[in-house]
Amino acid sequence: MLFLLFFFLYFTPSMAAEPRVVVTSDLKSIYDVLSAHGLPKGLLPKGIRDYEFHEESGRFVVFLDRECNAMFENQLHYETNVTGTLSYGQIGALSGISAQDLFLWFPVKGIRVDIPSSGVIYFDVGVVFKQFSQSLFETPPECVSASKNQHRKIGNQFVESGSVKVA
Ligand SMILES: *[C@@H]1O[C@H](CO)[C@@H](O)[C@H](O)[C@H]1NC(C)=O
């Protein structure tokens, strides 16, 4: 009898076919999940409806109320679904966030901070890492509704309508 109990306690979870979503929005916020990974909470804006985070793989998906833009030093565009892989001090395989630079929109593919923190945060926009002060991202910003239709896509980049610039 005791053995059976032992068996169920120790073997039932690993026998589940589907990976469990370990952390859900009922337990803590995605901002707390960012903090727990050494990342500033303000990387994600206000207006998050729900999220999923799989602790073992680090995979997460964040559902926003709507597409929106938030202003830091540069403007960031958030799509309604933001996905990526969290590990300590970094987000990889990121999709759903674009950063504006010189009127162009660059998909942000990854974000990382130094460990221990140097106060600098790095945005991987493909060709280069853009550096920002981490203090810009201390609190989740307001995010103003903005659709992607307002940006024309040229190649891999989004260009604001009316301000096409050839870099
Ligand atoms: C966002 O995720 C939801 C749930 O997985 C899905 O139904 C929806 O199609 C996704 N939206 C976009 C724009 O990818």
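Residues numbered from 1 in each chain as written. Predicted model: local features only at pLDDT ≥ 70, side-chain atom pairs only at ≥ 80, totals over all residues.

## Here we look at the overall build of the protein
Helices and strands together make up the secondary structure of the protein, namely two helices and 13 strands. By the burial criterion, 26% of the 167 residues in the protein qualify as buried. By sequence separation, contacts in the protein at least 24 residues apart represent 47% of the contacts at least 6 residues apart. (Helix = DSSP H or I, 4+ residues; strand = E, 2+ residues; numbered from the N terminus. Buried ≥ 20, exposed ≤ 12 C-beta atoms within 10 Å, placed from the backbone. Contact = placed C-beta atoms within 7 Å.)

## A short note on unusual backbone geometry
In this model, Ile115 is joined to Pro116 through a cis peptide bond whose omega is -5°. Relative to the helices and strands, Pro116 resides in the loop between strand S8 (110–113) and strand S9 (120–124). One non-glycine residue with positive phi stands out, namely Ala93, at about 50°. Tracing the chain through its elements places Ala93 in strand S6 (residues 90–101). Given 12 C-beta atoms within a 10 Å radius, Ala93 is considered exposed.

## Side note on the pairing of strand S7 (residues 104–107)
Relative to S7, S6 runs antiparallel, the two sharing four bridges. If you follow Ser98 over to S7, its bridge partner there is Pro107. What sits between S6 and S7 in their antiparallel hairpin is a turn of two residues, with Leu102 showing a positive phi close to 50°. (Pairing = 2+ DSSP bridges.)

## Some points on the environment of Val61
Along the chain, the position of Val61 falls in strand S3 (residues 59–64). Expressed as a C-alpha distance, the spacing of Val61 and Asn81, which sit 20 residues apart in the sequence, is 6.6 Å. Those residues in contact with Val61 that lie beyond four places of it in its chain are Tyr51, Glu52, Asn81 and Thr83.

## Section: the pairing of S8
In S8, alternate side chains face the same way, and those of Ile111 and Val113 are buried while those of Gly110 and Arg112 on the opposite face are not. Bridge analysis of S6 against S8 gives two bridges, and the strand direction is antiparallel. Across the sheet, residue Ile91 finds its bridge partner in S8, namely Ile111. Relative to S9, S8 is paired through four bridges, and the arrangement is antiparallel. Counted as the bridge partner of Val113 is Ile121 from S9.

## Regarding the environment of Glu73
With respect to the helices, strands and loops of the structure, Glu73 is situated in the loop between strand S4 (68–71) and strand S5 (75–87). Taking the C-alpha atoms as reference points, Glu73 and Gln100, 27 residues apart in sequence, are found 9.7 Å from one another. The residues touching Glu73, leaving out its near neighbours within four places in the chain, are Phe132 and Leu136.

## Points about the confidence of the model for the protein
Fine structural detail should not be taken from predicted coordinates in areas where pLDDT scores are low. Taken over all residues, the pLDDT of the protein has a mean of 79, while the share at 70 or more is 72%. Residue range residues 1–21 is modelled with pLDDT below 50. Its contacts to residues more than four positions away, or to other chains, number six contacts. (pLDDT = per-residue confidence, 0-100.)

## What to know about the environment of Phe137
Counting through the fold element by element, Phe137 comes out in the loop between strand S10 (129–133) and strand S11 (144–145). For the pair formed by Phe137 and Leu44, sequence separation is 93 residues and the distance between their alpha carbons is 8.6 Å. The contact partners of Phe137, leaving out residues within four places of it in the chain, are Pro40, Gly42, Leu43, Phe72 and Ile121.

## Structural notes on the nonpolar core
Among the nonpolar cores identified, the biggest contains 31 residues, and Val62, Tyr78, Val108 and Ile111 are the most heavily contacted of them. Those residues in contact with Val108 that sit more than four places away from it in its chain are Leu94, Ile97, Ser98, Ala99, Phe123, Asp124 and Val125. (Core = buried A, V, L, I, M, F, W, Y, C linked by C-beta atoms within 7 Å.)

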